[in-house]
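# Inside the fold
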Amino acid sequence: AVVSTQSTGAGEALVSEHGLSRTDLLMEGSPIEAVPQIRFKPEQYEFEDGVRIEAAFRRFFHRADSEQKSESHELLVCHANVIRYLVCRATQNPPEAWLRMSLAHGSVTEVIIEPTGEVFVSGIGDKGHLPAKMVTFS
């Protein structure tokens, strides 16, 4: 399954090429107050965005159903703030550490969830597929 944020830009090429589900859960936002504190949005957004982004974590990050017989893959196309928070939650690191990672635009992060529930991150913010002159950050 390929799932993207509702916002334009993120995953537009995938929409036309592969078909894509969209959800508001993956929209850009400020998931939780960062530690160390860096405020780039008013505190109210953390309450609104945080609940939504946590709901995205609970929807997409879980063990396979015990009835499932083969591997499954989901591609989430979303913004860096959301990805950083999801990685922190999936690896049981403090979610407040979400701003301690830097991700390039168009980078790839891979999280593997084994049937046992073990979680592995095989890459965070991989940008090797992009020509150096096209690598950007915000």
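Scroll up a little and you will see the structure.
Predicted model, so just to flag it, every value in this text is computed and none were measured.

## Looking at the pairing of strand β4 (residues 108-113)
- With 5 bridges joining them, β4 and strand β5 (residues 119-126) adopt antiparallel strand pairing. Each residue of the ladder has a partner; that of V111, found in β5, is V121.
- Hairpin remark: β4 followed by β5, antiparallel, with 5 residues in the connecting loop; positive phi at G117, about 100°.

## Brief notes about the packing of aromatic side chains
- Within this structure, the stated rule accounts for 1 aromatic pair.
- For the pair F57 and F61, a centre-to-centre distance of 5.4 Å together with 20° between the ring planes defines the contact as stacked. The same class applies to F57 and to F61, which are both buried.

## A few points about the environment of P36
- Residue position: P36 is located in the loop between β2 (21-23) and α2 (43-60).
- Judged by relative accessible area, which is 54%, P36 ranks as exposed.
- A sequence separation of 61 residues divides P36 from A97, and the C-alpha atoms of the two residues are 7.8 Å apart.

## Some points on the environment of H129
- With respect to the element layout, H129 can be found in the segment after β5.
- Judged by relative accessible area, which is 46%, H129 ranks as partly exposed.
- In the structure, H129 is positioned 21 residues away from V108 in sequence and 9.0 Å away in space, judged by C-alpha atoms.
- Setting aside anything within four residues of it in sequence, one finds H129 in contact with G106, S107 and V108.
- A distance of 2.9 Å separates the side chain of H129 from the backbone oxygen of G106, its partner in a polar contact.

## Describing the sheet that holds β2
- With parallel pairing, the 3 strands of this open sheet are ordered in space as β2-β1-β3. With partners counted over all chains shown, the strands left at the sheet margins are β2 and β3 (75-77), one partner each. Mean inter-strand twist for the sheet, computed between neighbouring axes without regard to direction, equals 25°.
- Two strands pair when backbone bridges link them, and strand β1 (residues 2-5) and β2 are joined in this way by 3 bridges, in the parallel orientation. Residue pairing in the sheet places T5 in a bridge with T23 of β2.

## Points about the environment of I124
- The residue I124 is located in strand β5 in this model.
- Along the sequence, I124 and S102 sit 22 residues apart, while their C-alpha atoms lie 9.0 Å from each other.
- Setting aside residues no more than four positions away along its own chain, I124 makes contact with V87, M101, L103, V108 and T109.

Rules and cut-offs
Residues numbered from 1 in each chain as written. Predicted model: local features only at pLDDT ≥ 70, side-chain atom pairs only at ≥ 80, totals over all residues. Heavy atoms only, no water. Pairing = 2+ DSSP bridges. Helix = DSSP H or I, 4+ residues; strand = E, 2+ residues; numbered from the N terminus. Phe/Tyr/Trp six-rings, centres within 6.5 Å; stacked < 30°, edge-to-face > 60°. Buried < 20%, exposed > 50% of the residue type's maximum accessible area, 1.4 Å probe, protein only. Contact = heavy atoms within 4.5 Å. Polar contact = N/O pair within 3.5 Å; in protein donor to acceptor, adjacent residues only side chain to side chain. Axes fitted to C-alpha atoms, helices over the stretch in contact; angles between N-to-C directions.

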